[in-house]
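Single-letter residue listing:
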Amino acid sequence: MKREKEDLSVKSIAMTSTNKTAITGMVVMNLVLALAYAIEVVKDARSLGSYLIVLALCVLPSVISVGVFLRKRDSLAVRYIFAVGFALLYAYIMLTTTTNLAFCYVIVAYVILMVYTDTKLLLGMGGFAILVNLAVIAKKVTAGTLVGTEITQTEIILACLLLTGFFTILALNKIRGINQANIERAELQQQQSEGILHNTLEVAAAMTENIKASVEETEGLKKAIGETQRSMEELSGGAKDGVSA
């Protein structure tokens, strides 16, 4: 049987669909990260204890968000569970990783969170990612490892994060502006339709009153004609009686 299309114009249904999309993206991303770092343990690139922390930071937010979603499908809490859970995971990975490429995980989170069109949430996520990477830079400076190509890679990472955050917010604001314009246009068309309907009903009511008045006048005329006819018949009868006399 063909599934009925969801009416996304209803706020609760739209939020339910948005939460479902975000949870799907979050669970898939956390599953991929959990498997990727399991391979790191196999290669002796990460200790089992460290992996268990990563695994917990992957699993717990996913489980909690799914539980909240099942209890209240249009809950606003889902996005914040995802954001906070990912922030903790991202901070731990960045501070314990041996590769600079791990910084790109936040870009995946950006893409998933864009479904909420929540500018403040994205700004918070971007700002936190910048702070984490600055902490990583400070750690490298303290250890004396920020030299040579590390400096170039650090510059690229910061530039990438800043540009990604800026253009994500820019695109999001444009999408929201277009959606708002469409909503305002739809509301204007609805108001115009309601005005036309109101005028039509007024005209129909006036026509009904006129028809009713015409019917009443017709009935009155019919009654007058009947009385006139009876009077003429009586007059005719009287004339016949006169002739007979």
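Anything mentioned here points back to the structure above.
Computed from a predicted structure; not experimentally measured. (Residues numbered from 1 in each chain as written. Predicted model: local features only at pLDDT ≥ 70, side-chain atom pairs only at ≥ 80, totals over all residues. Heavy atoms only, no water.)

With that settled, consider the overall build of the protein. When helices and strands are counted, the protein shows 6 helices and 0 strands. Mapped in sequence order, the helices and strands of the protein form the string α-α-α-α-α-α. Out of the 245 residues belonging to the protein, those deemed buried represent 29%. Excluding contacts between residues fewer than 6 apart, the proportion of contacts in the protein whose partners are at least 24 apart in sequence is 70%. Accessible area for the protein stands at about 16400 Å²; split by element, carbon and sulfur atoms hold 67% of it. (Helix = DSSP H or I, 4+ residues; strand = E, 2+ residues; numbered from the N terminus. Buried < 20%, exposed > 50% of the residue type's maximum accessible area, 1.4 Å probe, protein only. Contact = heavy atoms within 4.5 Å. Areas by Shrake-Rupley, 256 points an atom, 1.4 Å probe, with all protein chains shown as cover.)

In contact at an axis separation of 10 Å, helix H4 (residues 105-113) and helix H5 (residues 119-143) are set at 175° when each is read in the N-to-C sense. Considering the angle they form, H4 stands roughly antiparallel to H5. Residues Val106, Tyr110 and Leu113 of H4 lie in contact with H5, whose contacting residues are Leu121, Leu122, Met125, Gly126 and Ala129. Residues of the contact of H4 with H5, tallied by class, amount to 7 nonpolar, 1 polar and no charged. (Axes fitted to C-alpha atoms, helices over the stretch in contact; angles between N-to-C directions. Parallel < 35°, antiparallel > 145°, perpendicular 65-115°, else oblique. Nonpolar A, V, L, I, M, F, W, Y, C, P; charged D, E, K, R; others polar.)

Considering all chains together, one arrives at 4 salt bridges under this definition. Between Asp118 and Arg79 there is a salt bridge, and its shortest N-O distance comes to 2.9 Å. Linking Asp118 in the loop between H4 and H5 with Arg79 in helix H3 (residues 77-96), this pair joins segments that are 39 residues apart in sequence. Like Asp118, the residue Arg79 is buried in the burial classification. (Salt bridge = Lys/Arg side-chain N within 4 Å of Asp/Glu carboxyl O.)

What follows is about the packing of H3 against H5. To characterise two packed helices, one gives the angle between the axes of the helices and the distance between these axes. Relative orientation of the contacting elements H3 and H5 amounts to 15°, with a least axis distance of 10 Å. Between H3 and H5, the angle is such that the two are roughly parallel. Along this stretch, H3 crosses H5, giving a crossing that reads as right-handed. In this structure, H3 contributes Arg79, Tyr80, Ala83, Phe86, Ala87, Tyr90, Ala91, Met94 and Leu95 to the contact, and H5 contributes Leu121, Met125, Phe128, Ala129, Val132, Asn133, Ala135, Val136 and Lys139. Taken together, the residues that form the contact of H3 with H5 break down as 15 nonpolar, 1 polar and 2 charged. (Left-handed = near helix turned anticlockwise from the far one by under 90°.)

Moving on, we come to H5. With 25 residues, H5 should cover 36 Å at 1.5 Å per step; its first-to-last C-alpha distance of 36 Å lies within 8% of that length. Along H5, the residues that are buried comprise Thr119, Leu121, Leu122, Met125, Gly126, Ala129, Ile130, Val132, Asn133, Val136, Ile137 and Lys140. For H5, the N-terminal cap is Asp118; the gap from its side-chain oxygen to the backbone nitrogen of Lys120 is 3.3 Å. A positive backbone phi angle near 75° is found at Gly144, which sits one or two residues after H5. (Expected span 1.5 Å × (residues − 1). Polar contact = N/O pair within 3.5 Å; in protein donor to acceptor, adjacent residues only side chain to side chain.)

Right, let's get into the environment of Ala14. If you trace the backbone, Ala14 turns up in helix H1 (residues 11-42). Distance from Ala14 to Asp74, taken between C-alpha atoms, is 8.1 Å for residues 60 residues apart in sequence.

When its volume is computed, the largest pocket comes out at roughly 600 Å³. Mapped onto the lining of the largest pocket, the elements with two or more residues apiece are H1 and helix H6 (149-244). Per-element tally for the lining of the largest pocket: the top contributor is H1, with 5 residues. Estimated volume of the second largest pocket: approximately 270 Å³. Around the second largest pocket, the lining is made up of 17 residues, and of these Met94, Thr97, Asn100, Val136 and Lys140 lie nearest the centre. (1 Å grid on protein atoms, 1.4 Å probe; cavity = no way out; pocket = protein on both sides within 12 Å on 5 of 7 lines; lining within 4 Å. Points joined across faces, edges and corners; volume = space filled by probe spheres on them.)

Before going further, it helps to spend a moment on the environment of Leu162. Mapped onto the secondary structure, Leu162 falls in helix H6. Judged by its relative accessible area of 54%, Leu162 is exposed. Separated by 36 residues in sequence, Leu162 and Gly126 have C-alpha atoms that sit 7.9 Å apart.

Further remarks concern the packing of aromatic side chains. As enumerated under the stated definition, the model contains 3 aromatic pairs in all. Measuring from ring centre to ring centre gives 5.6 Å for Phe86 and Tyr90, while their planes differ by 25°; the resulting arrangement is stacked. Taken together, the residues span about one helical turn, with Phe86 and Tyr90 both in helix H3 at a distance of 4 residues. Residue Phe86 is classed as buried on the basis of its relative accessible area, which comes to 3%. We classify Tyr90 as buried; its relative accessible area is 1%. (Phe/Tyr/Trp six-rings, centres within 6.5 Å; stacked < 30°, edge-to-face > 60°.)

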